[in-house]
Each structure stands twice: as C-alpha cells, then as structure tokens.
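# Fold and geometry: a report
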Amino acid sequence: MANSAQAEKRARQAQAQRAHNMSLRSTLRTAIKKVRKAVLEGDKAAAQKVFQAATSTIDRISDKKIIHKNSAARTKSRLSAAIKGMSA
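Residues numbered from 1 in each chain as written. Predicted model: local features only at pLDDT ≥ 70, side-chain atom pairs only at ≥ 80, totals over all residues. Heavy atoms only, no water.

Turning our attention to helix α1 (residues 5–41). One turn of an α-helix holds 3.6 residues; hence residues three or four places apart share an orientation. Its 37 residues give α1 an end-to-end C-alpha distance of 54 Å, which sits within 8% of 54 Å, the value for a rise of 1.5 Å per residue. Taken residue by residue, α1 has L24, L28, A31, I32, V35 and A38 as its buried positions. Taken together, the buried residues of α1 touch α2 (44–63) and α3 (69–84). Positive backbone phi, approximately 90°, marks G42, located one or two places after α1. (Helix = DSSP H or I, 4+ residues; strand = E, 2+ residues; numbered from the N terminus. Expected span 1.5 Å × (residues − 1). Buried < 20%, exposed > 50% of the residue type's maximum accessible area, 1.4 Å probe, protein only. Contact = heavy atoms within 4.5 Å.)

A word on the side chain of T57. Structurally, T57 can be placed in helix α2. Residue class for T57 comes out buried when judged on its relative accessible area of 11%. Not counting the four nearest positions on each side in its chain, T57 is found in contact with T27, L28 and A31.

Let's shift gears to the environment of T30. Positionally, T30 belongs in helix α1. By relative accessible area, which is 37% here, T30 ends up partly exposed. Along the backbone, T30 and A54 are 24 residues apart, and their C-alpha atoms lie at a distance of 8.9 Å.

Counting 17 residues, the largest nonpolar core has L28, V35, I58, I61 and L79 as the members making the most contacts within it. Listed by contribution, the elements that provide at least two residues to this core are α1, α2 and α3. When residues in this core are grouped by element, the largest group, six residues, is from α1. Apart from the residues lying within four places of it in its own chain, the contact partners of I58 are L28, I32, A72, T75, K76 and L79. (Core = buried A, V, L, I, M, F, W, Y, C linked by side-chain atoms within 4.5 Å.)

Here is the structure:
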C-alpha cells in the first residue's frame, strides 16, 4: 500500500498505463490472428492485404515499447514467410 501522496499517484498512473498497454497488446494479437486466419483460408491476395495492416500495427506497438523490436521483427518475418509459402 502506498504511504505517500506521490506513491498513491504513481500507483494510479501505473494502473491506468497497464490497462492501456493491455489494450494495445490485445490489438496486436488480433492483428496477428487475422493474418494467420487469412493464410489458413488460402487466399494469398487477402493475406497480403491483411499482412500490410498487421505490419503497421506491429510497428506502432513496437515503437511504444509494448513489445521488443526484435520480437516485432521476428513476428513480421514469420507471417511474411507463411504468406510466401502459400501456393499462388
């Protein structure tokens, strides 16, 4: 429990920031799932379109340090490889 006004405020701010970060992380996971679903459906053009949107989301969340930049790069690389591996 916080013992000073400053500590109480930091606890409130941390709680609000955590909720915001969880929301962004949820958005990230949803974007990744959309790409994986498009790949499973087998429509390469649709998968590429969804991948473009997901790439933007991944980069934006990485820039805010919600996930590490290497994790973002790895995720994009794996999604891209999955799309390239699809039959035309």
